[in-house]
Amino acid sequence: MSNDSSKPVAAGEANPYRQWPWGPQEAIIVSVVAYLAGQLLVGGLFGLALAAMGWSAGRIDNAFNGIGAQFGLVLTAEGLSLLTLWWFILYRKAHWRIVGFLRSPRWKDVGLALLGFVIYFALLLTAAGLARAIFHINLDQKQELGFDHIAGSSEKIMAFVSLVLVPPFVEETIFRGFLFTGLRKKLPLVAAAILTSLLFAGPHLLESSSGPLWIAGIDTFVMSLVLCYLREKTGALWSGILIHMLKNGVAFLFLYVFVS
């Protein structure tokens, strides 16, 4: 492997990812494993452990529905996802910073994040309107985020960390960092961005027990396209992380703060 794989790359090169330590196939497999390891494995293992201790199904459900338990599960799941990614990057003798953290944040990233958020929101309104008009898709479904019946500032802080701070950082590292850069080693920008966005939107379609959550799928797909473009043009993940946090933060305010 070339020692140049962990050096910074210029965002303006024709293909700055050509010497990347992993390609599309590894990027897809490892990203899916890392994401699913966190999102599915942790809850399943905790459930099996409690069942082995003699807990009933109802008692396990009640325990998982607690705000403290959900907070712990989110942190454990996201940590496992990052650990899986980190292990693979070290296995390939690279540095984890190459996925989008080769430089420090700049004020320009904040400006790009604000502009990108406006563009993302305009595209979302357009895409959602077209989906409703052309395909008659129900976009009024409720996204099941957990953290129901929050009471008190401590529970709101746990929900804020679990929904606004941690997932954007982890998901940007996995999808626009590890996955997108791996796809760009062989694919042009548009193809890599679309494939990354499809893989990112797919799991969000399942965040409802009443069928595919189309609004979440459309939302995350559109946002991912904007984030992939910023990842390509800035050579870093900072503006994308800020947009993702801003988007989740706005949702948090309307769900948990601006309510009676």
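Refer to the structure presented above.
Just so we're clear, the structure is a prediction, and the values are computed from it rather than from any experiment. (Residues numbered from 1 in each chain as written. Predicted model: local features only at pLDDT ≥ 70, side-chain atom pairs only at ≥ 80, totals over all residues. Heavy atoms only, no water.)

## Considerations on the packing of helix α6 (residues 189–204) against helix α7 (residues 214–234)
Stage number 1. Closest axis-to-axis distance for the α6/α7 pair is 8 Å, and the angle between their directions is 145 degrees. As α6 packs across α7, the resulting crossing turns out to be right-handed. Of the residues in α7, those in contact with Leu 189, Ala 193, Ile 194, Thr 196, Ser 197, Leu 198, Phe 200, Ala 201 and His 204 of α6 are Ala 216, Gly 217, Thr 220, Phe 221, Met 223, Ser 224, Leu 225, Cys 228 and Glu 232.
Stage number 2. When grouped by side-chain class, the residues that make up the contact of α6 with α7 number 11 nonpolar, six polar and one charged. (Axes fitted to C-alpha atoms, helices over the stretch in contact; angles between N-to-C directions. Helix = DSSP H or I, 4+ residues; strand = E, 2+ residues; numbered from the N terminus. Left-handed = near helix turned anticlockwise from the far one by under 90°. Contact = heavy atoms within 4.5 Å. Nonpolar A, V, L, I, M, F, W, Y, C, P; charged D, E, K, R; others polar.)

## Considering helix α5 (residues 153–184)
Stage number 1. The terminal C-alpha atoms of α5, which comprises 32 residues, lie 43 Å apart, in line with the 46 Å expected from a rise of 1.5 Å per residue.
Stage number 2. Along α5, the largest kink reaches about 40 degrees and is centred on Val 166; proline Pro 167 follows within four residues of it. (Expected span 1.5 Å × (residues − 1). Bend = angle between axes of the 7 residues up to and from the residue.)

## Looking at a nonpolar patch on the surface
Stage number 1. Taken together, the side chains of Trp 107, Val 110, Leu 114, Leu 242, Leu 246, Val 250, Leu 253, Phe 254, Val 257 and Phe 258 make up a nonpolar region of the molecular surface, amounting to roughly 960 Å² of accessible area.
Stage number 2. For the nonpolar patch, the elements supplying multiple residues, two or more each, are α4 (107–135) and α8 (238–257).
Stage number 3. Mapping Val 110 onto the fold places it in helix α4. (Patch = residues over 30% accessible without salt bridge, like charges linked within 9 Å, V, L, I, M, F, W, Y side chains within 5 Å. Areas by Shrake-Rupley, 256 points an atom, 1.4 Å probe, with all protein chains shown as cover. Salt bridge = Lys/Arg side-chain N within 4 Å of Asp/Glu carboxyl O.)

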